[in-house]
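Structural overview for review
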Amino acid sequence: MATQPSRIEQHPDLVALRARYAQASARPSAQAVEGLSLLAGLYLAISPWVVGFNASPTLTVSNLVTGIALAVLALGFGWAYERTYGMGWVAAAIGVWAIIAPFAVSGAPDTAKVVTSNVITGGVAVLLGMATTVMGRMQRT
């Protein structure tokens, strides 16, 4: 009698792991982190026009691209937390880039409003990325 191989998606350990991550992503704190990450990404993307440094095309493109990347990553945290929480370090790396971009990007204006906007937004992204990673690791134990 031939036995039919079981599908990996039905393995009891995998089912339990998915249930644990679903429970973690349903917590209000996880949802707050996901939402704030999305807002931080959107703000980073539109900050050249909000703050008024869109005359610097290199920093404008940098903020637009990294902001969209952060927003898409935050959407991934919300939709597929069990597969994306481990990428929280990427959100933190985007935040670090946002902090150093006004100094690293050529032709970027080094006015106080540009630096302040990027440093605050980058700091928030770093903290939220670290929080995402920590929340995912807490669920492993």
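Residues numbered from 1 in each chain as written. Predicted model: local features only at pLDDT ≥ 70, side-chain atom pairs only at ≥ 80, totals over all residues. Heavy atoms only, no water.

Once that is clear, we can look at the nonpolar core. Counting 9 residues, the largest nonpolar core consists of Ala-40, Leu-44, Leu-70, Leu-73, Phe-77, Ala-91, Ile-94, Ala-98 and Ala-125. Once residues lying within four places of it in the same chain are set aside, the contact partners of Leu-73 are Met-87, Val-90 and Ala-91. Residues Leu-59, Ala-101, Val-105 and Ala-108 belong to the second largest nonpolar core, which totals 7 residues. (Core = buried A, V, L, I, M, F, W, Y, C linked by side-chain atoms within 4.5 Å. Buried < 20%, exposed > 50% of the residue type's maximum accessible area, 1.4 Å probe, protein only. Contact = heavy atoms within 4.5 Å.)

Let us look at a nonpolar patch on the surface. A cluster of nonpolar side chains, Ile-46, Trp-49, Val-50, Val-61, Leu-64, Val-65, Ile-68 and Val-72, forms an exposed patch at the surface whose accessible area comes to about 740 Å². Taken together, the elements giving at least two residues each to the nonpolar patch come down to helix H2 (28-52) and helix H3 (57-79). Per element, the largest residue contribution to the nonpolar patch is 5 residues, and it comes from H3. For Trp-49, a relative accessible area of 48% puts it in the partly exposed group. (Patch = residues over 30% accessible without salt bridge, like charges linked within 9 Å, V, L, I, M, F, W, Y side chains within 5 Å. Areas by Shrake-Rupley, 256 points an atom, 1.4 Å probe, with all protein chains shown as cover. Salt bridge = Lys/Arg side-chain N within 4 Å of Asp/Glu carboxyl O. Helix = DSSP H or I, 4+ residues; strand = E, 2+ residues; numbered from the N terminus.)

For the rest of this paragraph, the subject is the side chain of Thr-60. Relative to the assigned elements, Thr-60 resides in helix H3. Looking at Thr-60, the relative accessible area reads 8%, which means it is buried. Excluding residues within four positions of it along the chain, Thr-60 makes contact with Pro-48, Trp-49, Phe-53 and Asn-54.

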